[in-house]
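Structural characterization, general
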Amino acid sequence: MDPECARLLPALCAVLADPRQPVADDTCLEKLLDWFKAVTEAGSSLLLLQEHPCLVELLFHVLKPQDLSSRILSFALRLAGILAAQENCFQFLQQGELLPGLFGEPGPLGAAAWAAPSVRSGWIQGLHSLAQHPSALRFLADSGAVDTIFSLQGDPSLFVASAAGQLLVRVLDLALRGPAEGRVCPQAWDWPACARKVVCHLEDCLRSEAAPRVTQALHVLTTTFGHCHGLWTQGLWARLSPLVARLLEKDPVPAPHALVDLLLSVARSSVLSSDPGLWETAAQALSRLSPTQAGPLAAGILKLQDCPQVLRIQAFGILLQPLAHVLEATAQAPGTPRLLEGAAGDLMAVDTFPPSRSACVGLLCSALAHLELLQPLPQRPSPWPQAPLLAAVVTILRFCNGSAAPSSEAGGRLCTMLVGCVRVQRAAQELVTQVFAILLEYLVSPDSSPTVLKKAFQATLRWLLSSATPPGCCDLEPSTQLVLGELLAVLQKRLCSPCWEVRDSGLEFLTQMTRHWGGQGSFRQALLGSEVPELTRQLLQDPESYVRASAVAAVGQLSSWGLLAAPSSPEHPAVPQKTPLDELLLVLTTDSEGFPRRAVMRVFTEWLRDGYADVAEDPEQSVAPVLQAASRDPDWEVRVQGLELALVFLEQLLGPRGPSTAAPPGALTQALQALCRVQLFEFAFRSLFDCDRPVAQKSCDLLLFLKAKATLSGSQQEVGDGPNVASVEAALRRWRAGEQSQPLGELAPEAVLAVLRSMDLEALRDTLAESSDHVERSPQSLLQDMLATVGVLGDNEADCY
């Protein structure tokens, strides 16, 4: 322990033990426990107590009848558990009857403080920390703590009840892990008494008619089989699995969700998954549970690598059942394949949907979500029923927009329940990636909500990407070319929508399309024949900042591919028109919101990196105004992007970043002169002292890169000796002190290099890498803050902020 912390610890223990002192807040107590845990993990807990007896005195003081706060009592219980996790320290505390006093009947269990949930939680967490060795197991059995844990499983506080269940798992693991070592599986009569007691309790719960008690047992077993993988789990499952299977014979099945979680936990266990009885129980559960309850179990079974084929077929039928009912509820074209054929169709007769709208919507959304997750997996069922599945999803979307043709009374009820349901529309569109007609209906419909439209744009993009360019062809597929005209007409309409979310989604869609197909002749022809490019340019002036930011990104992509011609001005044909570069620079210097300005910086950086023609023609002239605007921007993200742009510019002048790549001969001087002309160094040096740490870090990276290039190029001989850098260093000192009004003025390359050589940028980088509160988070600072709160320290000794 740090000497200063050791000096402060007795005073802190005295404060914590004094009921008259203001109670430390929960955050400080949690940090204090974290520190004690780190100290004990790094060394001996017994030595810690011997060197700091104030800790033992604090724990004994807690046992005295007094009006002690529940938070301090909870803290003491958890601290005792952390210290007693080491067996020799446990025995030391046991000799003084401290542990029975804290965790047995004489302590909080029999006091009024037990009514506080924080005390009960602290008691459980203390025992959980303590349960690390055989001595702890005997203590739990002899002190009656196990019975208390049983009762706390039903605690009104969910946190306490959950912690009690986790502690039972810990007790089981501790009790059975040792006897199972080196043996195939210990028999029940070989189990320690403590383990037998817990298992008997779980058996009683599983036999209970009270659903909460059944749920408690199932949760404990789920956690046990999910986290414990010793051979002893085989014996536990063999003993309890008949009781679990018997739950499926009850009507209704108690705790169905907890039962599903348990079966999946056992099925994922490498120790237990070979048990044939497990798959029989899972098949019975699929048959007995409702489609909504069985859906997660079916999806989980299908994700397993090793599973009986018969069970996989049954599980897949469970997921397809709701969609099969949708197909049967509408008039399908002759020859449309059914979703449930053969064994699956015989096994799962299509039933009616739940009568309530919420249950029906929930069932469909759940089935669609499970199928979407299964579709890309290598272990998905084969053959995958792509055609009927897509037909079912399209039918669902038609039910939602009211265009479906019900073929029965059940279909009419389904139409009534689903029409206008945004939640089902979103779930279905996630799955549809190859059907354009229904997607176009949603894009055109005035009733489509902004969220549904966004999903429709995304699904359309995936559909186009999946079938855009045939192998060996340099243009889009003919079918894709046919729909481009319709799609761009819809996009043109949506870019004029009064709803800003719709305009924003349309611009994002346009940006993605252009990024993928900006070089395809048919796409270029269709886009240039529409009004979309001009509308995109106009949206740079949109009243909503999110839309302006998306318009900036779209303009950047269109310009990169030469798809944004300068606006025509028939009234003044001789007047030079603004280029996209000029327009985006205007946004950077005049827009009042940060989002569009950040987007501009990303576009400029991408243009420079990719060699965009207007920028590549004269990079220095293009970069200079952008860097000057970014250096003055109030948004720190814009300043970071400005420094990233400067770094790309520097790489193009001196070569890529790398530990051993020197700049070409003579290139360093030319680069320094160019950087001085664009006033980069004033921006970079000033950013070193920026109050926003990411800006300072990016500036440090840039200057370190330049310094490394100068060193590898032998700059000291190249630029001459003895430059006068006093004015630059004086300005940097003023900036560090917060006086940043005076500019550097014109800089010579020699002065820049001399300043770089004199600065310890490596140390600055390490300092910036530390968190901003690394001093305040130290244990010494924590103790000082807690003591200063009660006035034990003077103001000059506190580290509060």
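Up top is the structure these notes are about.
Residues numbered from 1 in each chain as written. Predicted model: local features only at pLDDT ≥ 70, side-chain atom pairs only at ≥ 80, totals over all residues. Heavy atoms only, no water.

**A closer look at the packing of aromatic side chains**
Under the defined criterion, the tally for this structure stands at 11 aromatic pairs. Aromatic pair tryptophan 35 and phenylalanine 36: ring centres 5.1 Å apart, planes at 40°, arrangement tilted. There is no split in this pair, since tryptophan 35 and phenylalanine 36 are both buried. Seen in terms of ring centroids, tryptophan 500 and tyrosine 546 are 5.4 Å apart; in terms of plane orientation they differ by 15°. Their pairing is stacked. One end of the pair, tryptophan 500, is in helix 27 (residues 500–517); the other, tyrosine 546, is in helix 30 (residues 545–560), with 46 residues separating them in the sequence. Judged by relative accessible area, which is 30%, tryptophan 500 ranks as partly exposed. Assessed through its relative accessible area of 39%, tyrosine 546 is described here as partly exposed. (Phe/Tyr/Trp six-rings, centres within 6.5 Å; stacked < 30°, edge-to-face > 60°. Buried < 20%, exposed > 50% of the residue type's maximum accessible area, 1.4 Å probe, protein only. Helix = DSSP H or I, 4+ residues; strand = E, 2+ residues; numbered from the N terminus.)

**Remarks on the state of the cysteines**
Following the criterion strictly, the structure yields zero disulfides and no others. We note that cysteine 13 lacks a disulfide partner, and the nearest cysteine sulfur, in cysteine 54, lies 3.8 Å from it. Residue class for cysteine 13 comes out buried when judged on its relative accessible area of 5%. (Disulfide = S-S within 2.5 Å.)

**What to know about helix 34 (residues 619–631)**
A rise of 1.5 Å per residue sets the reference length of helix 34, with its 13 residues, at 18 Å; its end C-alpha atoms lie 18 Å apart and thus fit the reference within 8%. Every buried residue of helix 34 is accounted for by Ser622, Val623, Ala624, Val626, Leu627, Ala629 and Ala630. In this structure, the buried residues of helix 34 make contact with helix 31 (580–590), helix 32 (594–610), helix 33 (613–616), helix 35 (636–654) and helix 37 (680–687). (Expected span 1.5 Å × (residues − 1). Contact = heavy atoms within 4.5 Å.)

**Notes on the packing of helix 12 (residues 193–207) against helix 14 (residues 232–247)**
Between helix 12 and helix 14, the shortest axis-to-axis distance is 9 Å and the interhelical angle comes to 10°. Between helix 12 and helix 14, the interaxial angle falls into the category roughly parallel. The segment helix 12 lies against helix 14, with Val199, Cys200, Leu202, Glu203, Leu206 and Arg207 engaging Leu236, Arg239, Leu240, Leu243, Val244 and Leu247. (Axes fitted to C-alpha atoms, helices over the stretch in contact; angles between N-to-C directions. Parallel < 35°, antiparallel > 145°, perpendicular 65-115°, else oblique.)

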